[in-house]
Amino acid sequence: MDALVYFLFWAALIFVMMRLGCGVHVMGHGGRGARTGKPPDAKDALRWIPPESDVDPVCGRVIRTAAAKSSIHDGTVYYFCSRECRERFEAAPDSYLDADAAQEPNLVEQSDG
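Residues numbered from 1 in each chain as written. Predicted model: local features only at pLDDT ≥ 70, side-chain atom pairs only at ≥ 80, totals over all residues. Heavy atoms only, no water.

K.L.:
I'm lost on the side chain of His-73 in this one. Help?
P.N.:
With respect to the secondary-structure elements, His-73 resides in strand β3 (residues 69-73). Once you skip the residues sitting within four places of it in the chain, His-73 turns out to touch Tyr-78, Phe-89, Pro-93, Asp-94 and Leu-97. (Helix = DSSP H or I, 4+ residues; strand = E, 2+ residues; numbered from the N terminus. Contact = heavy atoms within 4.5 Å.)

K.L.:
Help me understand unusual backbone geometry in this model?
P.N.:
Excluding glycine, residues mostly carry a negative phi; peptide bonds, for their part, are mostly trans. Unusually for a residue other than glycine, Asp-74 sits at a positive phi of about 55 degrees. Within the fold, Asp-74 resides in the loop between β3 and β4 (76-80). Take Asp-74: its relative accessible area is 69%, and that puts it in the exposed class. (Buried < 20%, exposed > 50% of the residue type's maximum accessible area, 1.4 Å probe, protein only.)

K.L.:
For this particular structure, what's the right way to read the environment of Phe-80?
P.N.:
Relative to the elements of secondary structure, Phe-80 occurs in strand β4. Sequence separation of Phe-80 and Gly-60 is 20 residues, and the distance between their C-alpha atoms is 9.2 Å.

K.L.:
What exactly am I supposed to notice about the pattern of salt bridges here?
P.N.:
Side-chain pairs of opposite charge can arise where the charged atoms are in close proximity. Considering all chains together, one arrives at two salt bridges under this definition. Measuring nitrogen to oxygen at the nearest pair gives 3.8 Å for the salt bridge that ties Glu-84 to Arg-83. Relative accessible area serves as the criterion here: at 42%, Glu-84 is assigned to the partly exposed category. The class for Arg-83 is partly exposed, based on a relative accessible area of 43%. (Salt bridge = Lys/Arg side-chain N within 4 Å of Asp/Glu carboxyl O.)

K.L.:
Can you walk me through the pairing of β4 in this structure?
P.N.:
Side-chain positions along a regular strand alternate between the two faces of the sheet. Bridging between β3 and β4 involves five bridges; their strand directions are antiparallel. Paired with Ser-71 across the two strands is Tyr-78, which belongs to β4. Between β3 and β4, which pair antiparallel one after the other, the connecting turn spans two residues, and Asp-74 there sits at a positive phi close to 55 degrees. (Pairing = 2+ DSSP bridges.)

If you want it as structure tokens, here you go:
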């Protein structure tokens, strides 16, 4: 009988903690709007808008990010002009990032003739 009371005590304590304590966040019920049932404000939501253009760290071209290939390394998004540049970067990203600080972007101008 003592074992049953012991088990029920701990089960009730864990249940209360999961419903009202730290477990609320684990179960996804915590945070803003949890008690009212309303979603958080849109202005409070995290949004990331990519820049219009960026420099390819492999070849140094300035490219439009809307049509670029992308890759994430150490929490930073990098954009590439082609799949080949992205694959070269993903094979050895640190070698391109060290060279990126010393290299200025290549602004390629096309001539008419």
